[in-house]
Amino acid sequence: MKYTSTRDKSVSISASEAIIQGISKEGGLFVPKYFPKIKELVDLIDMNYEEIAVFIMSQFFSDIPLEKIKESVYKAYDDKFKSSLITPLVKVDDVFFLELYHGPTLAFKDIALSILPYLLKESIKINQITKDVVILTATSGDTGKAALEAFAHIDGIKIIVFFPKDGVSQVQKLQMITQEGHNTCVISINGNFDDAQSGVKEIFNDLEFIDELFKNDYVLSSANSINIGRLVPQVVYYFNSYVTLLKNGDINIDEKVNFVVPTGNFGNILAGYYAKEMGLPINKLICASNDNNVLSDFLDTGVYDKNRELILSTSPSMDILISSNLERLLFHKSQGDDKLLADKMNQLSERGVYEIDLSLNDFYGSYASEEEVSLSINSLFQNNDYLVDPHTAVAHRVYTKYKDLTKDKTKTIIVSTASPFKFGPKVASSIGLNVKDKDEFTILKNLSQLSKIDLPAPIKDLENKDIKHFNSCNKQEMKEMVELFLRRD
Ligand SMILES: *Cc1c(COP(=O)(O)O)cnc(C)c1O
């Protein structure tokens, strides 16, 4: 399997090279040159999560030896995950919630980031790189902590995380700034997630700076979902959840299902599309946005327009106007038209808007307002005794709208991306708890009592941790901050 770039099809590199580089030099994203096809779904029925993971990843990461992929999978998906199923599927009413948040940082980013360090280490070995790898990451709240947790204390790797100062929840922020590990660096930026992400992309495209780092024995890599090493591990749970439905007799073999995915950077839902291209029987991939509904507008109209105010919502991990991974979908859907993609992405960065005429029938898009999110959280709790976080509630509400509109009876899986305790105040107030003038930990304890769910251990620990990271900067200063940190030792 080789990888090419969405903006230059003459690029052809191995999986391990793509994992190290993160992003292509001309700014394009790496994509697989073809989709491996699953021949018989029944072959997967006796496999557990780890076995399906090995099966899928070995086809995409073909230059990493199978034994090493196995090793990586079993190290990644161990008892760090609270459920031995890794991603349990829970039936509520007539839908299934795919709970992706039982990892160490309580959000779905753990699934891919638990394995990325192992894949990266193997890739470094294969390519005989002797320099230190510097992971640069922009986060809308969850990637940052999951990456810090994954890469802290690893020799030969340094990790730098930029998060938007006012754009993350209190728990998300505390999780990051209390991070231990001499090789970690956490910086808040005066701006939003798009500023952080475009700042990081600019550093990746600053060839002079990269050269200077190289002379100082550093190579840059990325833990964002622009990295193909993030994307592929996410394909696994689409297959795993389908197989679980099969095993439980909830569907027949080859019966189609829908997935509803709360979407920001389009990484999670794109992994679902990859699963579909590989042969998983998926009817619709339902893209759920919050008030920053640039994606659902795009799916409606074919016009991608980021010229609007970014709204700070209670689902901060989806407060994004420049959705990176959409570029990959458009590349695949245009039969790999790199010229077209380079042109459209150029329009996006220069004018903030582009129009593209492609058939995207696999997808349906809609969005949910703050009020609708609260309604979903409340109704699921009152009627079904099931507690969801605001991101998952966005997906649930969008699914309700979809079902009302289309009358589609296809069995549906709602992808549940975070623990409700990561976003306590919104969840608590939605189910009628008084949160006014209460501090976050009190709210979380009240929420735990009312829902009869124990506070997850990673949150309990948080209250007593010391703050280790105090740095803050403007978007223009991100490069300097990187230099400062690397010069420290
Ligand atoms: C990152 C994140 C999302 C959005 O996922 P994308 O892959 O960026 O579309 C949704 N919910 C939560 C909780 C997240 O952390």
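Throughout what follows, the structure given in this document is the object of discussion. (Residues numbered from 1 in each chain as written. Predicted model: local features only at pLDDT ≥ 70, side-chain atom pairs only at ≥ 80, totals over all residues. Heavy atoms only, no water.)

### Some thoughts on the pairing of strand β10 (residues 257-262)
Look at any regular strand and the pattern is simple: side chains alternate between the two faces of the sheet. Burial analysis of β10 places 6 of its 6 residues in the buried class, the great majority of the element. Each parallel crossover has a hand, and for β10 linked through helix α11 (residues 267-278) to strand β11 (residues 282-289) it is right-handed. By the bridge criterion, 4 bridges tie β10 to strand β15 (residues 411-416) in an arrangement that is parallel. Its bridge partner being in β15, Phe259 is matched across the sheet by Ile413. (Buried < 20%, exposed > 50% of the residue type's maximum accessible area, 1.4 Å probe, protein only. Helix = DSSP H or I, 4+ residues; strand = E, 2+ residues; numbered from the N terminus. Right-handed = clockwise from strand over helix to strand, strands pointing away. Pairing = 2+ DSSP bridges.)

### Examining the environment of Val398
Along the polypeptide, Val398 turns up in helix α16 (residues 390-406). With relative accessibility at 0%, the residue Val398 sits in the buried group. If sequence neighbours within four positions are ignored, Val398 has contacts with Ile286, Cys287, Ala288, Ser366, Tyr367 and Ala368. (Contact = heavy atoms within 4.5 Å.)

### Side note on the environment of Thr301
Along the chain, the position of Thr301 falls in helix α12 (residues 294-301). For the pair Thr301 and Met318, spaced 17 residues apart in sequence, the C-alpha separation works out to 20 Å. A polar side-chain atom of Thr301 sits 2.8 Å from the main-chain carbonyl oxygen of Asp297. (Polar contact = N/O pair within 3.5 Å; in protein donor to acceptor, adjacent residues only side chain to side chain.)

### A look at the sheet that holds β15
Taken together, the 6 strands give an open sheet; going across it, the order is β4-β5-β15-β10-β11-β14, and neighbouring strands pair in mixed fashion. Each of the sheet's edge strands pairs with one partner strand only, and the pair in question is β4 (89-92) and β14 (363-367). Within this sheet the neighbouring strands show an average axis-to-axis angle of 25°, counted without direction. Pairing analysis gives 4 bridges linking β4 to strand β5 (residues 95-99), with the strands arranged antiparallel. Across the sheet, residue Val92 finds its bridge partner in β5, namely Val95. Helix α10 (residues 228-247) contacts β4, β5, β10 and β15 of the sheet and is inclined by roughly 135° relative to β10. (Axes fitted to C-alpha atoms, helices over the stretch in contact; angles between N-to-C directions.)

### Comments concerning helix α2 (residues 49-60)
Each α-helix turn comprises 3.6 residues. Residues three or four places apart therefore point the same way. Counted at 1.5 Å a residue, the expected span for α2 with its 12 residues is 16 Å, and the 17 Å between its end C-alpha atoms agrees. The set of residues buried in α2 consists of Tyr49, Glu50, Ile52, Ala53, Val54, Ile56, Met57 and Phe60. Residue Asn48 occupies the N-cap position of α2, its side-chain oxygen lying 3.2 Å from the main-chain nitrogen of Glu50. (Expected span 1.5 Å × (residues − 1).)

### Observations concerning the sheet that holds strand β16 (residues 472-473)
Each strand in a sheet pairs with its neighbour through backbone hydrogen bonds, running either in the same direction (parallel) or in the opposite one (antiparallel). One open sheet holds the 5 strands; their spatial order is β9-β6-β7-β8-β16, and the pairing between them is parallel. A single partner strand is all that each edge strand has here, and the edge strands are β9 (218-222) and β16. The pairing of strand β6 (residues 132-138) with strand β7 (residues 157-164) spans 6 bridges and is parallel. Each bridged residue has a counterpart across the sheet, and for Thr137 the counterpart in β7 is Val161. Across the sheet, helix α6 (residues 142-151) is in contact with β6, β7 and β8 (184-189); its angle to β7 comes to roughly 165°.

### Overview of the packing of α2 against α10
At a minimum axis distance of 9 Å, the contact between α2 and α10 shows a crossing angle of 135°. For the element pair α2 / α10, the angle class is oblique. Viewed along their axes, α2 and α10 form a crossing whose handedness is right-handed. Judged by residue contacts, Tyr49, Ile52, Ala53, Ile56, Met57 and Phe60 of α2 engage Val232, Pro233, Val235, Val236, Tyr237, Phe239, Asn240 and Val243 from α10. (Parallel < 35°, antiparallel > 145°, perpendicular 65-115°, else oblique. Left-handed = near helix turned anticlockwise from the far one by under 90°.)

### Considerations on the pairing of strand β2 (residues 8-14)
Note that strand β1 (residues 2-5) and β2 share 3 bridges and pair antiparallel. Residue Lys2 lies in a different strand from β2, and its bridge partner there is Ser14. Hairpin connection of β1 to β2: 2 residues between the antiparallel strands.

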